[in-house]
Amino acid sequence: MLTLRTAFKHSRALVALAGLLIGCKPAVPDAPTPVAPTTATPAQYGTPYAGVPNREDAVIYQVNMRAFSQNGNFAGVTARLDSIKAIGVNVLYLMPIYPVGALKSVNSPYCVKDYTAVNPEFGTLDDLRTLVDGAHARGLTVMLDWVANHTSFDHAWIAAHPDWYLRDGAGNILSPPNTTYTDVAQLNFSSAPMRLAMIAAMKSWVYTANVDGFRCDYSDPVIPPDFWKQAIDTLRNVKTHKLLLLAEGTRSANFTSGFDYNFGFNFYGALRNVYGSNGAATSLTLLNTSEYVGANATQQVVRYTTNHDVNGSDGTPVALYGGNAGAMSAFVIASCFKGVPFVYNGQEAGMTAPITFPFTTVKVQWGQHADVKRAYQQLLATRAASPALQHGAPVAYSTNDVCAFTKSAGNDQALVLVNVRNAPTQYAVPAALANTTWTNALQGGSVTVGTQILLPAYGYMILKK
């Protein structure tokens, strides 16, 4: 649920804001007449990338620019594109690249001063283009983070179009109500000109930087679904580009609006409960239905064991899931049970230090825990080679201590067994699976599944036939 996120995160709220507009006026009578935004299509930079995967085939890698390299810039990411690609991902998601506001600032990347400019902290537009070009050359799709809910208080819209913001009865522009986010100003989505300006800014990056989609920050619950439908319909009309669109939200209306993905907040919370509070592994199965309400056959939920928010607030996977072995065990479930896998920069290096907001004090220490990186590579390569693991519908055989499921696609079959406890666990094989022969998809060799399987602490098996 959205309430799993903690109070210092400046890109989103912790509570539902269903009563947002109560007692607040979106405009005042003497507000200036809005000037219609320009909708001229910018010139296309580069050649639209033809390798964007189908949405169900994505494996997403999140880059936190400030922490990713010692210099915290685009060039630092470009220099490591081969290493990113080698993990087994095919989508690169960049946290906000836009200038950060100075007025009332807490230096949050989600406090956007200009939707159409590049933050000089990271480099220039040419540096961004070099990154995108390099990613495309390596078969990587590039998504930008889009912050639609609010702007900085020194954004040009504040002075030019105060009616584009939520205001009180005296005309004062408000921060997002019921939050601690005093550094940002809440936009008013009943303003048609604001919507057009926002959508035009999104669309401009498809042309000026040749990007392939957006992860849309805090898509629920303030921003109305009809805005997202309007924006997505416009973006889908860019026929020269295939775009991937991820909602950082959970509501089923996001699927109806046209998003490719929702974000697996609830699955993350369930994983934490299973690994940290001895919750039953069987609880994870329910999320395969509830998180997919409203989704069509190919729309997906992005599932993760960490991201920039929870890494800073809750701790690293190493801390959350019981060391490197537990972190890998949890990632097997998140990446193979159902949905699109998600890797946050540094988790493949087995980082023990969290990258805390505003992400300026900790740098990813690359080259450590080579065994951890190999485990990620091996798992994602195995998943990529298996139509069943990628696209099959899971049939769960879980117990309290073991997450177990089969998946099939055509003639390809997979059986996944994951011990969620830090102690050896005996798994009683159900009759449907007992006395069957498989191939070990990770180590090779034949495996006969009898009536009992002993899994070591946080141990996992991926079998195929």
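Coordinates for the structure precede this section.
Residues numbered from 1 in each chain as written. Predicted model: local features only at pLDDT ≥ 70, side-chain atom pairs only at ≥ 80, totals over all residues. Heavy atoms only, no water.

1. A closer look at unusual backbone geometry
Where we set the bar: Secondary structure elements follow DSSP: runs of H or I no shorter than four residues count as helices, runs of E no shorter than two count as strands, and numbering proceeds from the N terminus. Throughout this description, buried means an accessible area under 20% of the type-specific maximum (1.4 Å probe, protein chains only), exposed means over 50%, and partly exposed covers the range between.
Of the consecutive residues Asp220 and Pro221, the connecting peptide bond is found in the cis state with omega at -15 degrees. Tracing the chain through its elements places Pro221 in the loop between β6 (213-217) and α7 (225-236). Note the cis peptide between Phe357 and Pro358, where omega equals 0 degrees. Within the element layout of this structure, Pro358 appears in the loop between β10 (340-344) and α14 (370-384). Phi is positive for Lys104, close to 60 degrees, though the residue is something other than glycine. Structurally, Lys104 is set in the loop between β2 (91-94) and α4 (125-137). Judged by its relative accessible area of 48%, Lys104 falls in the partly exposed class. The phi angle at Asn107 is positive, at roughly 65 degrees, despite the residue not being glycine. Take Asn107: it is sitting in the loop between β2 and α4. Since its relative accessible area comes to 31%, Asn107 is described here as partly exposed.

2. Some words on the packing of helix α13 (residues 323-336) against α14
Which entries qualify depends on this criterion: Angles run from 0 to 180 degrees between N-to-C directions of axes, and those axes are lines fitted to C-alpha atoms, restricted for helices to the stretch in contact. Roughly parallel means an angle under 35 degrees; roughly antiparallel, over 145; roughly perpendicular, 65 to 115; everything else is oblique. The crossing is said to be left-handed when, going from far helix to near helix, the turn is anticlockwise and less than a right angle, and right-handed when the turn is clockwise. Whether two residues touch is decided by their heavy atoms; if any such pair falls within 4.5 Å, the residues are in contact. Side-chain classes follow a simple rule in which Ala, Val, Leu, Ile, Met, Phe, Trp, Tyr, Cys and Pro form the nonpolar group, Asp, Glu, Lys and Arg form the charged group, and the remainder, Gly included, forms the polar group.
Contact geometry for α13 and α14: axes closest at 11 Å, N-to-C directions at 20 degrees. Regarding the angle of α13 to α14, the classification is roughly parallel. Here α13 and α14 pass one another in a crossing that is right-handed. Where α13 abuts α14, its residues Asn324, Met328, Phe331, Val332, Ser335 and Cys336 lie against Val372, Ala375, Tyr376, Leu379, Leu380 and Arg383. Looking at the contact of α13 with α14 residue by residue, the class counts come to 9 nonpolar, 2 polar and 1 charged.

3. Some details on the packing of helix α6 (residues 192-208) against α7
For the pair α6 and α7, interaxial distance at closest approach is 10 Å and the crossing angle is 40 degrees. On the basis of their axis angle, the class for α6 and α7 is oblique. At the point where α6 passes α7, the crossing takes the right-handed sense. Taking contact as the criterion, the partners of Arg195, Leu196, Met198, Ile199, Met202 and Lys203 in α6 are, on α7, Asp226, Phe227, Gln230, Ala231, Thr234 and Leu235.

4. Here we look at the pairing of strand β1 (residues 60-63)
Where we set the bar: Pairs of strands are assigned from DSSP output, requiring at least two bridges between the strands.
Neither face of β1 is exposed, since Ile60 and Gln62 on one face and Tyr61 and Val63 on the opposite face are all buried. Examined bridge by bridge, β1 and β2 share 4 bridges and lie parallel to one another. When the sheet's bridge partners are listed, Gln62 is paired in β2 with Tyr93. Bridging between β1 and β10 involves 3 bridges; their strand directions are parallel. Opposite Ile60, over in β10, you have Phe342 as the bridge partner.

5. Details of the pairing of strand β16 (residues 446-449)
Only one face of β16 is covered, namely the face carrying Val447 and Val449; the face carrying Ser446 and Thr448 is uncovered. Pairing analysis gives 4 bridges linking strand β15 (residues 436-440) to β16, with the strands arranged antiparallel. Paired with Thr437 across the strands is Thr448, a residue of β16. Between the end of β15 and the start of β16, which pair antiparallel, lie 5 residues, with Gly444 showing a positive phi angle near 80 degrees.

6. Some remarks on the environment of Gly213
Counting through the fold element by element, Gly213 comes out in strand β6. Assessed through its relative accessible area of 0%, Gly213 is described here as buried. Taking the C-alpha atoms as reference, Gly213 lies 8.9 Å from Leu235; in sequence the two are 22 residues apart. With near-sequence residues (within four places) excluded, Gly213 lies in contact with Val142, Met143, Leu144, Leu243, Leu244 and Leu245.

7. Quick notes on α7
Here is the rule we go by: To estimate the expected span of a helix, subtract one from its residue number and multiply by 1.5 Å. What the arc describes is the spread of directions from the helix axis to the C-beta atoms.
A rise of 1.5 Å per residue sets the reference length of α7, with its 12 residues, at 16 Å; its end C-alpha atoms lie 16 Å apart and thus fit the reference within 8%. Within α7, the full set of buried residues consists of Phe227, Trp228, Ala231, Ile232 and Leu235. End-on, the buried residues of α7 take up no more than an arc of 125 degrees, which puts them together on one face. Packed against the buried residues of α7 are α6, β6, β7 (244-247) and α8 (253-257).

8. Quick word on the sheet that holds β16
On the basis of which strands lie adjacent, the open sheet formed by 6 strands has the order β11-β12-β13-β18-β15-β16 and antiparallel pairing. Only two strands of the sheet have a single partner each, and these edge strands are β11 (395-396) and β16. Bridge count between β11 and strand β12 (residues 402-409): 2 bridges; the pairing is antiparallel. Residue Ala396 lies in a different strand from β12, and its bridge partner there is Phe405.

Keep in mind these values describe shape, not function.
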